[in-house]
Amino acid sequence: MTAVTVDTTARYEAVFDATVAADERIEPRDWMPDAYRATLIRQMAQHAHSEIIGMQPEANWITRAPSLRRKAILMAKVQDEAGHGLYLYSAAETLGTSREELLDKLHAGRQRYSSIFNYPTLTWADVGAIGWLVDGAAITNQVPLCRCSYGPYARAMVRICKEESFHQRQGYELLLTLSRGTPAQHEMAQDAVNRWWWPSLMMFGPPDDESAHSAQSMAWKIKRHSNDELRRRFVDICVPQAKVLGLTLPDPDLRWNEERGHHDFGPIDWTEFQEVLKGNGPCNEQRLAQRRSAHEEGAWVRDAAAAYAEKHRAEERSGHQDPQEATA
Ligand code: FAQ
């Protein structure tokens, strides 16, 4: 590297650092450190993959929803998740990667998606537990991401968070209805909460002292709070909500700590978390296989869309429009 290049890079770096320090946004055409770009692509890809893989556990219940109203709500929610995936893939593309590339990496098992979606949805109450706990955890994690230093990611999060709030409420209302229903319905709701509580706490990632990326991501203002901080916030939010639901959170060590101003909670099974990350969760294989086959079966739709776009580009270049479409 010549002295002039070093000097130019140092100046770019100073502008980047000053922008982050001033809480202003980094935009796609701005200079950014390679590692900042790589971290964002890693996190945003993982996030986008989670949204589309996350459609599977709930989609499992669309055909068996207990009423037309519940079916319509669930279909809208699952479609929203697809939309979130699209916003996030588009935002990731502004960093110089493509959606195809990211999907290839997901299908090859080279990029992650959230651990939570490797658990099965065994009963209808699981749809409620996912809305209340999984969407609730997602919102707790994602509201601060609306202030992320990277503009396209932060802006995508604003809309996603609004939609996630609707999802969280539908799950809460569903669980409340079951909890106040027959004894069997109440028991079903409690069983779902028992199974989803601990995996939901794992969504926030490993404890702070084992989180490989947190310190750097917080310095770059990609992450605004640590994994443990957000996990504690989530527990504090859930405790009073569980009381209103008339359901018990499955943790005998859960109690308010006056000194810390937070709830204390029992130990999380990090071995289970690591096993799920290694691909050994209850549904890892099924989720990836389903995703790969959906992608293969959708090839004709992508081909048709690409051919249509190409036809329009060619027409624009030649100044000639298909007469049938011109009169349509
Ligand atoms: N699952 O150093 P950290 C949703 C990995 S969206 C799998 O702490 P970081 C909506 C991590 O990648 C849910 N892997 O990492 C919905 C890293 O491995 P790597 C998704 C995890 O990035 C609702 C290693 O462990 N939300 O639910 C997990 O600083 C209902 C070390 O970890 C987001 O993605 C995990 N839970 O912090 C959809 C939000 N945790 O990459 C359908 C954005 C950690 O070095 C239905 N992401 N790992 O190989 C984030 O905020 C962060 O990426 C964290 C992890 C907080 C998840």
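Residues numbered from 1 in each chain as written. Predicted model: local features only at pLDDT ≥ 70, side-chain atom pairs only at ≥ 80, totals over all residues. Heavy atoms only, no water.

Chemist: What's the story with the overall build of the protein chain in this structure? I'm lost.
Modeler: A tally of regular secondary structure across the protein chain gives 14 helices and 2 strands. The principal-axis extents of the C-alpha atoms in the protein chain amount to approximately 70 × 60 × 35 Å. Residues counted as buried form 47% of the 328 residues belonging to the protein chain. Taking the contacts inside the protein chain whose residues are at least 6 apart along the sequence as the reference set, 76% of them involve residues at least 24 apart. (Helix = DSSP H or I, 4+ residues; strand = E, 2+ residues; numbered from the N terminus. Buried < 20%, exposed > 50% of the residue type's maximum accessible area, 1.4 Å probe, protein only. Contact = heavy atoms within 4.5 Å.)

Chemist: I tried to follow the nonpolar core on my own but got confused; where do I start?
Modeler: It is characteristic of soluble globular proteins that their nonpolar side chains tend to be buried jointly. Core analysis: the largest hydrophobic core is formed by 77 residues, its most contacted members being Tyr36, Leu40, Trp132, Tyr150, Tyr153, Trp196 and Leu249. Per-element accounting of this core gives the leading share, 10 residues, to helix α7 (residues 151-179). Here Trp196 is in contact with Ile116, Tyr119, Pro120, Thr121, Asp126, Ala129, Ile130, Leu133 and Val134, once residues within four sequence places are set aside. (Core = buried A, V, L, I, M, F, W, Y, C linked by side-chain atoms within 4.5 Å.)

Chemist: When you look at the pattern of salt bridges in this model, what are you seeing that I'm missing?
Modeler: Counting across every chain of the model gives 18 salt bridges. With its nearest N and O atoms 3.1 Å apart, the salt bridge here joins Arg224 to Asp23. With Arg224 in the loop between α9 (214-219) and α10 (227-245) and Asp23 in the loop between α1 (3-21) and α2 (34-53), the pair connects residues that are 201 residues apart, well separated along the chain. With a relative accessible area of 18%, Arg224 lands in the buried category. Taking the shortest distance from any N to any O, the salt bridge between Lys77 and Asp135 comes out at 2.9 Å. Residue Lys77 is found in helix α4 (residues 68-93), and its partner Asp135 is found in helix α6 (residues 125-142); the two are separated by 58 residues along the sequence. (Salt bridge = Lys/Arg side-chain N within 4 Å of Asp/Glu carboxyl O.)

Chemist: Could you clarify how one ought to interpret the packing of α6 against α10 in this entry?
Modeler: Two packed helices can be described by the angle between their axes and the distance between those axes. Where α6 contacts α10, the two axes come as close as 10 Å, and the packing angle between them is 145°. With respect to the hand of their crossing, α6 and α10 are arranged in right-handed fashion. On the side of α6, the interface is formed by Trp132, Leu133, Gly136, Ala137, Thr140 and Asn141, while α10 contributes Leu230, Arg233, Phe234, Ile237, Cys238, Gln241, Ala242 and Leu245. In the contact of α6 with α10, the residues fall into 9 nonpolar, 4 polar and 1 charged. (Axes fitted to C-alpha atoms, helices over the stretch in contact; angles between N-to-C directions. Left-handed = near helix turned anticlockwise from the far one by under 90°. Nonpolar A, V, L, I, M, F, W, Y, C, P; charged D, E, K, R; others polar.)

Chemist: Explain the site of the ligand here, please?
Modeler: Not every one of the 35 residues close to the ligand is listed here, only the nearest: Gln46, Ser211, His213, Lys223 and Asn227. In the model, an oxygen atom of the ligand is placed 2.6 Å from a nitrogen or oxygen of the His213 side chain. Contact distances for the ligand include 2.8 Å between an oxygen atom and a side-chain N or O atom of Asn227. Protein burial of the ligand: of its 1100 Å² of free accessible surface, 92% is covered by the chains. Among the elements of the structure, α2, α4, α6, α7 and α11 (270-280) are those that each provide at least two residues to the shell around the ligand. Of the residues forming the shell around the ligand, the biggest block, 6 residues, is contributed by α2. Tallied by class, the residues present in the shell around the ligand amount to 13 nonpolar, 13 polar and 9 charged. (Near = heavy atom within 4 Å. Polar contact = N/O pair within 3.5 Å; in protein donor to acceptor, adjacent residues only side chain to side chain. Areas by Shrake-Rupley, 256 points an atom, 1.4 Å probe, with all protein chains shown as cover.)

Chemist: Can you walk me through the packing of α7 against helix α8 (residues 183-202) in this structure?
Modeler: Closest axis-to-axis distance for the α7/α8 pair is 7 Å, and the angle between their directions is 135°. Relative to α8, α7 is oriented oblique. Taking contact as the criterion, the partners of Leu175, Leu178 and Ser179 in α7 are, on α8, Gln185, His186, Ala189 and Val193. Residue composition of the contact of α7 with α8, by class: 4 nonpolar, 3 polar and no charged. (Parallel < 35°, antiparallel > 145°, perpendicular 65-115°, else oblique.)

Chemist: I keep staring at the side chain of Ser179 and nothing clicks. Help me out?
Modeler: Here Ser179 is to be found in helix α7. We classify Ser179 as buried; its relative accessible area is 9%. Apart from the residues within four sequence positions on either side, Ser179 is in contact with His186, Ala189, Leu245, Gly246 and Leu247.

Chemist: How do you make sense of α2 when you look at a structure like this?
Modeler: Owing to its 3.6 residues per turn, the α-helix aligns residues three or four sequence positions apart on the same side. Taking 1.5 Å of rise per residue, the 20 residues of α2 would be expected to cover 28 Å, and the 28 Å separating its terminal C-alpha atoms lies within 8% of that figure. For α2, the tally of buried residues reaches 14 of 20 residues, placing the bulk of the element in the interior. (Expected span 1.5 Å × (residues − 1).)

Chemist: When you look at a negative patch on the surface in this model, what are you seeing that I'm missing?
Modeler: A cluster of acidic residues, Asp208, Asp209, Glu210 and Glu229, forms a negative patch on the protein surface. By the secondary structure assignment, Asp209 is in the loop between α8 and α9. On the basis of relative accessibility, which here comes to 69%, the residue Asp209 falls in the exposed class. (Patch = residues over 30% accessible without salt bridge, like charges linked within 9 Å, V, L, I, M, F, W, Y side chains within 5 Å. Lys, Arg positive; Asp, Glu negative; His and termini not counted. Charge placed at Lys NZ, Arg CZ, Asp CG, Glu CD.)

Chemist: It is not clear to me how the packing of aromatic side chains should be interpreted in this structure. Could you clarify?
Modeler: Remark: the centre distance and the inter-plane angle together describe each pair of aromatic rings, the angle taken between the planes. The full count for this structure, using the stated rule, is 10 aromatic pairs. Considering the side-chain rings of Tyr36 and Trp220, the 5.5 Å spacing of their centres and the 85° angle between planes classify their relative orientation as edge-to-face. Here Tyr36, found in helix α2, pairs with Trp220, found in the loop between α9 and α10; they are 184 residues apart in sequence, far enough to count as distant. Overall, Tyr36 belongs to the buried group, its relative accessible area being 0%. In this structure Trp220 comes out as buried when scored by relative accessible area, which is 12%. Relative to Phe273, the ring of Trp270 lies with its centre 5.2 Å away and its plane at 85°, an arrangement referred to as edge-to-face. Of this pair, Trp270 and Phe273 both sit in helix α11, 3 residues apart, roughly one helical turn. Exposure class is identical for Trp270 and Phe273. Each is buried. Over the ring of Trp61 we find Arg64, and its NZ or CZ is 4.0 Å from the ring centre. (Phe/Tyr/Trp six-rings, centres within 6.5 Å; stacked < 30°, edge-to-face > 60°. Lys NZ or Arg CZ within 6 Å of the ring centre and 35° of its normal.)

By themselves, these figures tell us nothing about what the structure is for.
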